[in-house]
Amino acid sequence: MRKNSKYIHAGVHPDPSTGAIMTPIYQTSTFVQTAPGEHKGYEYARTQNPTRITLENALAELEGGTHGMCFGSGMAAMDAVVKLLKTGDEVIASNDLYGGSYRLLTKIFEQFGIKSHFVDMSDLQNIKEKINGNTKLLWVETPTNPLLRLVDIQALTDLAKENGIISCVDNTFASPHLQTPIALGADIVLHSATKYLGGHSDCVLGALVTADEHLAERLYFIQNSCGAVPGPMDSFLVLRGIKTLHVRVDRACANAMKLAEYLKGHKAVGRVLYPGLEDNPYHALAVEQMTGFGGMISFDLANDSQEAARKVLSATKVFALAESLGGVESLIGHPASMTHGSIPRDERIAAGLMDSTIRLSVGIEDVEDLMEDLDQAIAAS
Ligand SMILES: *Cc1c(COP(=O)(O)O)cnc(C)c1O
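Residues numbered from 1 in each chain as written. Predicted model: local features only at pLDDT ≥ 70, side-chain atom pairs only at ≥ 80, totals over all residues. Heavy atoms only, no water.

Visitor: Explain the environment of Gly99 residue by residue, including any values.
Guide: Position of Gly99 relative to the elements: it lies in helix H4 (residues 99-108). Here the alpha-carbon distance between Gly99 and Thr51, two residues 48 residues apart in the chain, equals 30 Å. Here Gly99 is in contact with Thr339, His340 and Ser342, once residues within four sequence places are set aside. (Helix = DSSP H or I, 4+ residues; strand = E, 2+ residues; numbered from the N terminus. Contact = heavy atoms within 4.5 Å.)

Structure representation (structure tokens):
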């Protein structure tokens, strides 16, 4: 089946008991057995829920893996991956990382003796310098959040394999429509399905996909043992969201390209970070490893004033001021005080995230409305 058809059909079958074309929301905690140990493959809903398993199978197929596992949130999915490690093991992660991922590695796992190093992964040399006998996990985001830097996935997973290190790519920003890291050698792909996969800002859910039988077994064990599973309603919402993933992401990419060009020509705007712009340092890599440039744009104001940035954020009328991304509606955010508030200022600036950096999650509205909205909000700053 071709890619665009897969979003409609992957992993989904008419419900065997009724023929319902949409997977039902199996709102049940347990399943009746005919005799002890004799059942239809479902015993207890933490371990197996039919709605969740349908979603897990769909995601495995879309990411080109063999096994999917869903969790109560993207962070719960990440938590499960880091639990593959033990005290004394080390992680190397992007220094331009989702704030919650940084927090989990530093504030939770360091307490258990799992140390993390944060480096600019767009230069492999930085990673090589941190690899030692304890390095067990490379944690990659590409494009990164919020600076939209790209990491060469193939080169990075080659390096991980040479050193016997597990590689996990957080594919939330690209979605499987634009990038499939397993095909480029990644051991595990993570999604905050809260974002593009769900696509309608109406649920929180996380997922992992792998094509490695042994890793899958360990991750299922962690999923079932720790129990951070999503409910059937949220699993259903993501299943429904996936059916329009390609249509939504294609429109968001087209809108974002136009807005990035518009912002680049605006005299009150400084850096515009969007891999679709031809003079962006990651443009060539984006063309190579992605099939589109995504719906996320970040930009600074020319005067880099946090005060002015705050005025822009309060003045938009179509763009809603909110955390999160990947929904049908456009959102605007100020990473330094919102999503990345937990990263110390000097560390943040050193990583290139300025006081005035504004992040856009471009939705699927008419692009003229989005442009006019930014125009009047920047004028108001
Ligand atoms: C939102 C997000 C997460 C965390 O996912 P939740 O579903 O909010 O727990 C992880 N990585 C990235 C890139 C995100 O945008």
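Visitor: Before we move on, could you go through the packing of helix H3 (residues 74-82) against H4 and cite the residues and values that matter?
Guide: Look at H3 against H4: their axes get within 11 Å of each other, and the N-to-C directions meet at 35°. Here H3 runs over H4; the crossing is right-handed. Packed against H3, whose contacting residues are Met75, Met78, Asp79 and Val82, the element H4 presents Gly100, Ser101, Leu104 and Leu105 at the interface. Class assignment for the residues of the contact of H3 with H4 results in 5 nonpolar, 2 polar and 1 charged. (Axes fitted to C-alpha atoms, helices over the stretch in contact; angles between N-to-C directions. Left-handed = near helix turned anticlockwise from the far one by under 90°. Nonpolar A, V, L, I, M, F, W, Y, C, P; charged D, E, K, R; others polar.)

Visitor: Pulling in residues and values, what's your account of the site of the ligand?
Guide: By nearness alone, 13 residues border the ligand, and Gly74, Asp170, Ser192, Thr194 and Lys195 come closest of all. Gly74 places a main-chain nitrogen or oxygen 2.8 Å from an oxygen atom of the ligand. Contact with the protein chains covers 93% of the free accessible surface of the ligand, which is 380 Å². Within the shell around the ligand, the residues separate by chemical class into 6 nonpolar, 5 polar and 2 charged. (Near = heavy atom within 4 Å. Polar contact = N/O pair within 3.5 Å; in protein donor to acceptor, adjacent residues only side chain to side chain. Areas by Shrake-Rupley, 256 points an atom, 1.4 Å probe, with all protein chains shown as cover.)

Visitor: Describe the sheet that holds strand E3 (residues 115-119), naming the residues involved and giving the relevant values.
Guide: With mixed pairing, 7 strands are arranged side by side in an open sheet as E1-E7-E6-E5-E4-E2-E3. Both outer strands of the open sheet, strand E1 (67-71) and E3, are each paired with one neighbouring strand and no more. Direction aside, neighbouring strands of the sheet carry axes that sit 20° apart on average. Packed onto the sheet, H4 meets strand E2 (90-94), E3 and strand E4 (135-141) and runs at close to 140° relative to E3. (Pairing = 2+ DSSP bridges.)

Visitor: Account for helix H14 (residues 367-379), naming residues and giving values.
Guide: Over its 13 residues, H14 runs 18 Å from end to end, which matches the ideal 18 Å to within 8%, given 1.5 Å per residue. Where H14 is concerned, the buried positions are Val367, Leu370, Asp373, Leu374, Ala377 and Ile378. For H14, the angular spread of buried residues about the axis comes to 125°, placing them on one side. Exposed side chains of H14 directed beyond 90 degrees from the buried face belong to Glu372 and Ala379. Buried residues belonging to H14 abut helix H10 (245-264), strand E8 (269-273), strand E9 (296-301), helix H12 (306-315), strand E11 (331-333) and strand E12 (358-361). (Expected span 1.5 Å × (residues − 1). Buried < 20%, exposed > 50% of the residue type's maximum accessible area, 1.4 Å probe, protein only. Arc of directions from axis to C-beta.)

Visitor: Give a description of the domain arrangement of the protein chain that names residues and reports values.
Guide: Domain annotation of the protein chain identifies domain 1 (3-242) and domain 2 (246-380). Look at where the C-alpha atoms of domain 1 and domain 2 centre, and you get two points 26 Å apart. Taken together, the contact pairs 38 residues of domain 1 with 38 residues of domain 2. Around 3200 Å² of area is buried between domain 1 and domain 2 when both sides are counted, 59% of it from carbon and sulfur atoms. Its largest share of buried area at the contact with domain 2, domain 1 owes to Leu150, Leu178 and Tyr196, together 23% of the area lost on that side. Counting the contacts that link domain 1 with domain 2 gives 0 salt bridges. Counting the contacts that link domain 1 with domain 2 gives 13 residue pairs in polar contact (both at pLDDT 80 or more). Going through the elements one at a time, helix H1 (3-9), H4, helix H7 (175-178) and helix H9 (232-242) are the ones with two or more residues in the side of domain 1 that touches domain 2. The dominant element in the side of domain 1 that touches domain 2, judged by the number of residues it contributes, is H1, at 4 residues. Of the residues contributing to the side of domain 1 that touches domain 2, the split by class is 19 nonpolar, 15 polar and 4 charged. (Domains from an automatic or database assignment. Buried area = accessible area lost by both parts, 1.4 Å probe. Salt bridge = Lys/Arg side-chain N within 4 Å of Asp/Glu carboxyl O.)

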